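# Structural features, examined
These are the residues of each chain, in order.
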Amino acid sequence: MKRVLFLGTAIGLIGGPALADVNLLSWGGAYGNSHLEAYAKPFTDETGTAVNMSDADNPATPIKAQVEAGNVSIDVASVEYADAVRLCDEGALETIDTSILVAAEDGTAAEEDFIDGAITECFVGTDVYSMVLAFNADKYADAKPASPADFFDTESFPGKRTMRKGAKFNLELALMADGVPAAEVYDVLATPEGVDRAFAKLDTIKDDVIWWEAGAQPPQLLADGEVNMAYAFNGRIFNAAQADGQPFEIIWDGQIYEMEGWVVPKGAPNLEEAMEFVAWTTAPAPQARAAEFISYGPPRRSAASMVGNIEGGDQPMGPHLPTSEANMTNALGSDLDFWVDHDAELNERFNSWLAS
Amino acid sequence: MANAALDPHAAIATTASGVETGRLTTADGKPLARALARSQRRARRRAFLLVLPLLAFILITFVVPIGQMLQRSFYNDGFSANMPEVSAWFARTERGTPPDEEAWTALAADLTASAEARTIGVVGTRINYDLSGSRSLFTSTGRQVRRGIEPPYDRALQEIDEKWADPQLWSTMREASIPVTANFYLAAVDRQRDAEGNIRQVEERQQVYVMLFGRTFWLSAVITALTFVLGFPIAHLLATLPMRRSNLLMILVLLPFWTSLLVRTTSWMVLLQQQGVVNDILVWLGIIGGGQRLQMIYNQTGTIIAMTHILLPFMILPLYSVMRTINPSYVRAARSLGATSWTAFRRIYFPQTLPGLGAGAMLVFILAVGYYITPALVGGASGQLISNMIAMHMTDTLNWSMAAALAAILLAAVLVLYWLYDRLVGVDNLKLG
């Protein structure tokens, strides 16, 4: 009897938790930490299901590899919207039944509560981040730059700039700086003349640009005085300004926002737990909680008012989020279909342009 | 026989071969040759078993994945596997045949089936590789045909999107209907096929890969030459100094070798950037004015400096190991016979260092050709290498076929260089340590 009991416990120890775990693949860093603190830990406390977190440079790559190899170990992954669309179209993701999503506290259905495009067949948005212009306030004591046009105006605002080494974001920014309203950017960019126009605008500051590759570079370059202005992810600039007390200011005019969210790879080993995790973590309260750790806005309307102070501080996080109303006045939502279609072509042209 | 008695060899042969049997046997009477072969076979089998884990490891973790990856560069069944009927129509008809009713029907049937099976994205992605902008044509059409589609299909599909009538699209689909394709290799050398199937160069502003291959090999050669120029005197010093002092110097050579690659790369950023240490010192010394700070990083210069530093130990170590074995009396002998120090170096010392130099140059060059993270971080616009494009296709565009084609060309080029090296210098001459 004792022996049977012992065996049972042993099997329970080996088999039990492993069966019910959720294997979560995230990005690491401050962003991964927000997933750990706001989602994984409270989820385990509430449901008793353990969450095993691991990191990848871009979780979409291991998903593609695992699904193609037919050996999937990931249950839930955080991916960029564009990759979610692409993987979903390729049949690499499970569809997510929107009826499992938690309604807002006032009873608004989840579909209504999420901002447009935040829920697709295979994807539920967790946060909105954006590419923003930022500058070192010490360098521009008198007149401060305030728009994309100022970023391209090297006479009024001298000094080097840093931009992401790639076509995406830069072409849109160039068009906005050239006077194209945010709403028309992708219509213009879809024409060959529009692409030429964007590259012509980029030509005007080409000699003043240091190109960054890793997200950590722009705050570093700003802090070292290597550049005066940067075009970078808002979370990175926010962290440098808040945690390190750097004199960086963000220009929200012309921000280009994008979403990240959960996907469940096709053939996820713990499908049921994965769906439970997706539903639980995308409720308004956990989303608002996650926004206190990193300045990425919750994609649910009802979550906006629930965001409290910056974690470990006494300042409200609200004004630093891309989704806050004041910051959205001239914002552009990144067009994924456009980029999935033209990614390779425009990046080849961009690299050719860089080298010439 | 008189001669045989005098021949000492004959005497030994007679004794050794055994008078009775005429052949060699072991103590227990088995033929020696067979016993020897058996024991050798056993030893060989044991040796093989010892290396078996390594062999299996290399096969599973290296050969098979690389083989599969390279297969992607010429094999992509994204279209043919999911669009069987229209692929069959392509197989039946000749290139240039305009789509007839049969073709439209097949296309509509395939689109419907693949939209239902959620493979339409794979199909669209495959076509998008060759014809940019067509992925959304497939996915949006897929969404529409899932709701149902009525004949005549040519009109129905063109009503959804007029791009379906584009001859370029049909020509691209025809090529994709055969899973084995050279298109990724064509794209990797800035070529593409036009609607008639002729190979031509892509537009000038789209050309990037050939230039990057050229730059990668050129920079790798420059870096190899620099490591030689810097490493040769150091290796010579190390080899000729008394052991105690050369060990200390050796640690200085190895210390950066043990430091993380990223730390070394970032250190160069701190040193070389415009507000960095080197520029600060130059300004402080008054050599340059505050407004003329030099741009030494985020360009080709930065890539060359950082990579030369990082790869230097790979040149020094093989050189050192060869130089240490060179007998100093050869040079002394040359000098005593009247050679100048330059002639003695050129004719006697230097040729003896060639195996180390060959090994070092080979190591540095091959490592440099595939270098990725350093050019990504310090390369800026002009210091990008082909590996950065491979990384882009692996992680951003997820076009692994293209990444595989670029990597295969790189691999082939390195193998050609290796073969050339073998022809010119000889691989047996290589001394790695």
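The subject of this paragraph is the overall build of chain B. Scanning chain B from N- to C-terminus turns up 20 helices and two strands. Here chain B has a C-alpha radius of gyration of 33 Å; the compact-globule value for 433 residues is 22 Å, and the former is much larger. Split into buried and exposed, the 433 residues of chain B put 33% on the buried side.

What follows is about the overall build of chain A. A count of helical and extended segments in chain A gives 14 helices and nine strands. For chain A, whose C-alpha radius of gyration is 22 Å, the value lies close to the compact-globule estimate of 21 Å for 356 residues. Its C-alpha atoms put chain A at 85 × 45 × 40 Å along the principal axes. Taking the contacts inside chain A whose residues are at least 6 apart along the sequence as the reference set, 73% of them involve residues at least 24 apart.

Our focus in this paragraph is the interface of chain B and chain A. If you look at the interface, chain B gives 35 residues, while chain A gives 30 residues. When contributions to the side of chain B that touches chain A are tallied by element, the ones reaching two or more residues are helix H6 (120-130), helix H7 (135-145), helix H18 (373-378) and helix H19 (386-395) of chain B. Per-element tally for the side of chain B that touches chain A: the top contributor is H6 of chain B, with six residues. Its residues assigned to classes, the side of chain B that touches chain A comprises twelve nonpolar, 19 polar and four charged.

A few words on the pairing of strand E3 (residues 76-80) of chain A. Residues and elements named next belong to chain A. A large share of E3 lies buried, amounting to five of its five residues. The two faces of E3 match: Val76, Ser78 and Glu80 on one face and Ala77 and Val79 on the other face are all buried. With two bridges joining them, strand E1 (residues 22-26) and E3 adopt parallel strand pairing. Within E3, the position partnered with Leu24 by the bridge is Val76. The sheet contact formed by E3 and strand E8 (residues 248-263) spans four bridges and is antiparallel. Across the sheet, Glu80 pairs through a bridge with Glu260, a residue of E8.

Residues and elements named next belong to chain A. Domain annotation of chain A identifies domain 1 (19-128 + 259-324) and domain 2 (129-258 + 331-355). The distance between the C-alpha centroids of domain 1 and domain 2 comes to 27 Å. In this assembly, 17 residues from domain 1 lie in contact with 13 residues from domain 2. Those elements that provide at least two residues to the side of domain 1 that touches domain 2 are helix H2 (29-47), helix H4 (81-89), strand E4 (124-136) and E8. The biggest single contributor to the side of domain 1 that touches domain 2 is H4, with four residues. For the side of domain 1 that touches domain 2, the residue count by class is eleven nonpolar, two polar and four charged.

The domain boundaries assigned to chain B delineate domain 1 (1-72), domain 2 (84-206) and domain 3 (209-429). In this structure, domain 1 of chain B and domain 3 of chain B have C-alpha centres spaced 45 Å apart.

Take the pairing of strand E2 (residues 51-55) of chain A next. One face of the sheet, then the other: side chains in a regular strand alternate in exactly this way. As defined by bridge partners, E1 of chain A adjoins E2 of chain A across five bridges and the pair is classed as parallel. When the sheet's bridge partners are listed, Leu24 of chain A is paired in E2 of chain A with Met53 of chain A.

Another point: helix H7 (residues 170-177) of chain A. For H7 of chain A, the buried fraction is high: eight of the eight residues fall into the buried class. Positive phi shows up at Gly179 of chain A, right after H7 of chain A, with a value of about 100 degrees.

Glancing now at the confidence of the model for chain B. Residues and elements named next belong to chain B. In the predicted model, chain B carries a mean pLDDT of 87, and the fraction of residues at 70 or more is 94%. Summarising per-element confidence for chain B, the mean pLDDT is lowest in helix H1 (residues 2-6) (46) and highest in helix H11 (residues 209-240) (94). Within the model, the stretch residues 1-6 combines pLDDT values under 50 with one contact to residues more than four positions away or in other chains. Scored below 50 in pLDDT, residues 10-19 makes seven contacts in the model with residues more than four places away or belonging to other chains. What the predictor reports for the complex is a pTM of 0.80 with an ipTM of 0.77.

Taking 1.5 Å of rise per residue, the 29 residues of helix H17 (residues 341-369) of chain B would be expected to cover 42 Å, yet its terminal C-alpha atoms sit only 36 Å apart, more than 12% below that figure. The largest bend in H17 of chain B amounts to roughly 45 degrees and is located at Phe350 of chain B, with the proline Pro351 of chain B lying one to four residues further along.

If you look at the biggest cluster of nonpolar residues, it comprises 165 residues, and the most contacted ones within it are Ala134 and Val263 of chain A together with Leu406 of chain B. Per-element tally for this core: the top contributor is helix H15 (residues 300-323) of chain B, with 13 residues. In this structure, Ala134 of chain A is in contact with Leu222, Ala230, Ala232, Ile237, Phe248, Glu249, Ile250 and Ile251 of chain A, ignoring residues within four places of it in sequence.

Residue and element names in this part refer to chain A. Note on placement: Glu172 falls in helix H7. In this structure Glu172 comes out as buried when scored by C-beta crowding, with 26 C-beta atoms within 10 Å. Sequence separation between Glu172 and Ala198 is 26 residues; the distance between their C-alpha atoms is 7.4 Å. When sequence neighbours within four positions are dropped, the list of residues in contact with Glu172 reads Val185, Leu189, Ile256 and Leu332.

The next thing to look at is the packing of H7 of chain A against helix H9 (residues 192-203) of chain A. Residue and element names in this part refer to chain A. Two elements in contact, H7 and H9, have axes separated by 8 Å at closest approach and are oriented at 85 degrees. Considering the angle they form, H7 stands roughly perpendicular to H9. Counted together, Asn170, Leu171, Ala174, Leu175 and Ala177 of H7 and Gly194, Val195, Arg197, Ala198, Lys201 and Leu202 of H9 form the full contact between these two elements. Partitioning the contact of H7 with H9 into residue classes produces seven nonpolar, two polar and two charged.

Rules behind the numbers
Residues numbered from 1 in each chain as written. Chains lettered and ligands numbered in written order. Predicted model: local features only at pLDDT ≥ 70, side-chain atom pairs only at ≥ 80, totals over all residues. Helix = DSSP H or I, 4+ residues; strand = E, 2+ residues; numbered from the N terminus. Rg over C-alpha atoms; globule rule 2.2 N^0.38 Å. Buried ≥ 20, exposed ≤ 12 C-beta atoms within 10 Å, placed from the backbone. Contact = placed C-beta atoms within 7 Å. Nonpolar A, V, L, I, M, F, W, Y, C, P; charged D, E, K, R; others polar. Pairing = 2+ DSSP bridges. Domains from an automatic or database assignment. pLDDT = per-residue confidence, 0-100. Expected span 1.5 Å × (residues − 1). Bend = angle between axes of the 7 residues up to and from the residue. Core = buried A, V, L, I, M, F, W, Y, C linked by C-beta atoms within 7 Å. Axes fitted to C-alpha atoms, helices over the stretch in contact; angles between N-to-C directions. Parallel < 35°, antiparallel > 145°, perpendicular 65-115°, else oblique.

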